[in-house]
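Structure at a glance
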Amino acid sequence: MITSIYSIVDMAMVGKYQGPEGTAALAIIAPIWNIIFSLGLLMGIGGSVLFSILKGIEGHHKQNENEFFTASLIGSLLLSGLIWFVIIFFDKELLIFFGAQDHLLSLAQAYLIPIKFVVPSFLFVQMLSAFLRNDKNPTLATIAVFSGGIFNIIGDYIFVFGFDMGIFGAGLATAMGSVISLMIILTHFISKRNTLKIARPHRLCYQLKKICITGFSTFFIDVAMGILTILFNRQIMRYLGTNELSIYGIIVNISTFVQCCAYSVGQASQPIISVNFGGQQGNRIKETLKYSIYTVVFFSLFWTSLSILAPQIFVNIFMTPTKEILKIAPGIIGCYGLSFLLLPINVYSTYYFQALSKPTTAFMISITRGLIISGLFILILPLISGQSLWLAMPLTEMIVAVYAIYQILINTRNLPEK
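Residues numbered from 1 in each chain as written. Predicted model: local features only at pLDDT ≥ 70, side-chain atom pairs only at ≥ 80, totals over all residues. Heavy atoms only, no water.

Regarding the overall build of the protein chain
Inclusion rule: Only runs of H or I of at least four residues qualify as helices and only runs of E of at least two qualify as strands under DSSP, and these elements are numbered from the N terminus. What the globule rule says is 2.2 Å times the number of residues to the power 0.38, and the radius of gyration is computed from C-alpha atoms. Each residue is placed in one exposure class: buried if its accessible area under a 1.4 Å probe, protein chains only, is under 20% of its type's maximum, exposed if it is over 50%, and partly exposed if it falls in between. For this analysis, residues touch if any pair of their heavy atoms sits within 4.5 Å. A 1.4 Å probe and the Shrake-Rupley method give the accessible areas. Residues count as covered only by the protein chains that appear here. Charged residues are defined here as Lys and Arg on the positive side and Asp and Glu on the negative side; His and the ends of the chain fall outside this count. Charge positions are represented by NZ for Lys, CZ for Arg, CG for Asp and CD for Glu.
Tallying secondary structure elements over the protein chain gives 15 helices and zero strands in all. Over its C-alpha atoms the protein chain spans a radius of gyration of 21 Å, differing by no more than 12% from the 22 Å that the globule rule assigns to 418 residues. Once the C-alpha set of the protein chain is aligned to its principal axes, its extents read approximately 65 × 45 × 30 Å. Expressed as a percentage of the 418 residues in the protein chain, the buried residues total 60%. Restricting the contact set of the protein chain to residue pairs at least 6 apart, pairs at least 24 apart contribute 83%. Total accessible area on the protein chain stands at roughly 16,700 Å², and carbon and sulfur atoms take up 70% of it. The distance from the centre of the 25 positive side-chain charges to the centre of the 17 negative ones in the protein chain is 11 Å.

The following block contains the structure:
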């Protein structure tokens with residue numbers, strides 16, 4: 001849930017300090033976060049799933065599973081170098097592409113100044129956290145994330161308000177929080193429980209391809225958040241206005257948090273499911289699925305109810321609202337919040353199918369939900385009326401959920417039994 005911790009705290013502090021413009025500027029930056037974190041998930045989830053499936057197979061050689069760890073590490077180095085280069089040298093072009101204009105552009109650039117120094121840290125926290133969960137040390141991964149998040153909360157208050165740094169201070173606290181998380185994660189490699197080793201990968205290109213195929217669905221979920229944010233930003237500015245964009249900045253963070261709740265269930269259950277899939281223990285997988293669904297349903301009901309019944313809570317957390325925003329925000333957040341009823345099961349299902357080595361099914365869910373169906377609704381609905389735009393995601397989640405639930409039932413029924 002590291003994505004939500006960083007972005008929500010920053011959005012809240014900057015919104016209080018600089019008002020709706022600060023909230024809108026961080027909404028512009030949201031796609032950059034999605035890209036960085038998704039690249040970490042691509043290598044982390046893809047490699048760790050294959051790592052755990054091998055661990056569950058009797059008689060396998062430990063060298064083989066660590067080849068996937070090493071390949072993931074190499075892939076992460078390459079990807080972090082690429083994204084680092086782009087953000088350092090093409091930050092202005094990137095922000096303009098994501099919808100930044102005039103004063104919003106200067107605010108967004110100020111936020112990115114400290115982030116530029118530690119871009120790889122964000123990616124490696126995601127990648128290594130996935131492997132720690134699969135190496136029987138999820139506690140350390142959790143401690144690392146929350147330590148960085150707690151520092152971010154305290155640092156935001158000190159830098160933004162105490163030192164009067166504004167949006168630059170929020171970026172500085174976020175950068176430092178990520179480095180703290182990474183330093184804690186790295187202590188796993190000097191602990192006795194560590195089984196992750198650098199191993200010479202045979203057929204590195206083939207292994208990277210397999211990792212990317214396996215991890216692509218969770219990668220695309222986060223990338224899709226960035227794509228959808230761009231589409232929403234552009235449609236809002238075309239058919240609505242700045243107030244609506246500020247409210248969408250709030251929605252981006254609520255939606256991210258809801259999505260991260262689904263991530264937490266998927267990432268917690270994935271090592272258990274993958275190991276038992278490798279060991280052909282279908283009953284254990286079904287038991288894990290049952291408790292995962294219970295948790296997902298709880299998150300669905302909680303976030304949907306809160307969005308519909310008490311949307312003002314979110315508005316007051318993330319900004320000092322104007323009268324106009326207070327007037328229109330409840331209807332917008334409540335309408336969009338209907339999507340939270342089915343979002344968690346759709347996101348969780350991608351982790352479930354990845355853990356079962358069903359990347360094609362996971363891919364179908366992530367791409368239809370994150371681009372094809374959602375993109376069509378975002379482009380078409382505003383032609384009916386500007387306010388119809390807020391129904392795009394509820395309709396998307398409903399359609400995708402039908403397919404996802406059907407596939408869960410079919411694949412669970414056909415699980416192998418030892």
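Considering helix 9 (residues 242–278)
Our working rule: For a helix, the expected span equals 1.5 Å multiplied by the residue count minus one. We define the bend at any residue as the angle between the axes fitted to the seven residues before and including it, ending there, and the seven starting there.
Here helix 9 is 37 residues long and its end C-alpha atoms lie 51 Å apart, about the 54 Å a rise of 1.5 Å per residue gives. Of all the bends in helix 9, the greatest reaches close to 35° and is centred on Gln270; the proline Pro271 follows between one and four positions later. Across the 37 residues of helix 9, 29 count as buried, placing the element largely inside the fold. Downstream of helix 9 by a residue or two, Gln280 has a phi angle that is positive, lying close to 60°.

Regarding a nonpolar patch on the surface
Just so we agree on the cut-off: In this scheme, patches are assembled from residues that exceed 30% relative accessible area and form no salt bridge. Like charges are connected within 9 Å, while nonpolar side chains (Val, Leu, Ile, Met, Phe, Trp, Tyr) are connected within 5 Å. For this analysis, a salt bridge means a side-chain nitrogen from Lys or Arg found within 4 Å of a carboxyl oxygen belonging to Asp or Glu.
Residues Phe146, Ile150, Ile153, Ile154, Tyr157, Ile158, Phe161, Phe163 and Met165 make up a contiguous nonpolar surface patch of about 860 Å² in total accessible area. In this structure, Ile154 sits in helix 6 (residues 138–162). A residue is classified by how much of its surface remains accessible, and Ile154, at 47% relative accessible area, is partly exposed.

Brief notes about the environment of Lys197
Among the secondary structure elements, Lys197 is positioned in the loop between helix 7 (167–186) and helix 8 (204–239). On the basis of relative accessible area, Lys197 is assigned to the partly exposed category, the value being 47%. Sequence separation of Lys197 and Phe69 is 128 residues, and the distance between their C-alpha atoms is 7.6 Å. Aside from chain neighbours lying at most four places away, what touches Lys197 is Asn66, Phe69 and Thr70.

Looking at the side chain of Ser129
Within the secondary structure layout, Ser129 lies in helix 5 (residues 119–134). Ser129 has contacts with Phe124, Ala141 and Ile185, leaving out every residue within four places of it along the chain.

Quick notes on the packing of aromatic side chains
Applied cut-off: Stacked, tilted and edge-to-face are the three classes assigned to paired rings of Phe, Tyr and Trp, where Trp is represented by its six-membered ring and a pair needs centres within 6.5 Å; plane angles under 30 degrees give stacked, over 60 edge-to-face, the rest tilted. Criterion for a charge above a ring: Lys NZ or Arg CZ within 6 Å of the ring centre, and within 35 degrees of the ring normal.
Applying the stated criterion across every chain yields a total of 22 aromatic pairs. Taken together, the aromatic side chains of Phe257, Phe298, Phe299, Phe302, Trp303 and Phe314 make up a single cluster linked through ring pairs. For the cation-ring pair, Arg203 lies above Tyr206, with the distance from its terminal atom to the ring centre recorded as 4.3 Å.

Quick word on the packing of helix 9 against helix 11 (residues 311–318)
Geometry of a packed helix pair, given as the angle between the helix axes and the separation of the axes. Quick note on the threshold: Interaxial angles span 0 to 180 degrees and are taken between N-to-C directions of axes, which are lines fitted to C-alpha atoms, for helices over the stretch in contact. Convention used here: angles under 35 degrees read as roughly parallel, angles over 145 as roughly antiparallel, angles from 65 to 115 as roughly perpendicular, and any remaining angle as oblique. Gly is put with the polar residues, along with every residue not named as nonpolar or charged; the nonpolar set is Ala, Val, Leu, Ile, Met, Phe, Trp, Tyr, Cys and Pro, and the charged set is Asp, Glu, Lys and Arg.
It is the contact of helix 9 with helix 11, at a shortest axis distance of 10 Å, that shows an interaxial angle of 105°. Here helix 9 lies roughly perpendicular to helix 11, going by the angle between them. Where helix 9 approaches helix 11, its residues Ile250, Asn253 and Ile254 are matched on the opposing element by Phe314, Val315 and Phe318. A per-class count over the contact of helix 9 with helix 11 returns five nonpolar, one polar and no charged.

Quick look at unusual backbone geometry
Residue Asp164 is not a glycine yet carries a positive backbone phi of 55°. Since its relative accessible area comes to 52%, Asp164 is described here as exposed. Not every positive phi belongs to a glycine, and Ser357 is a case in point at roughly 60°. Its place among the elements puts Ser357 in the loop between helix 13 (343–355) and helix 14 (359–384). Since its relative accessible area comes to 40%, Ser357 is described here as partly exposed.

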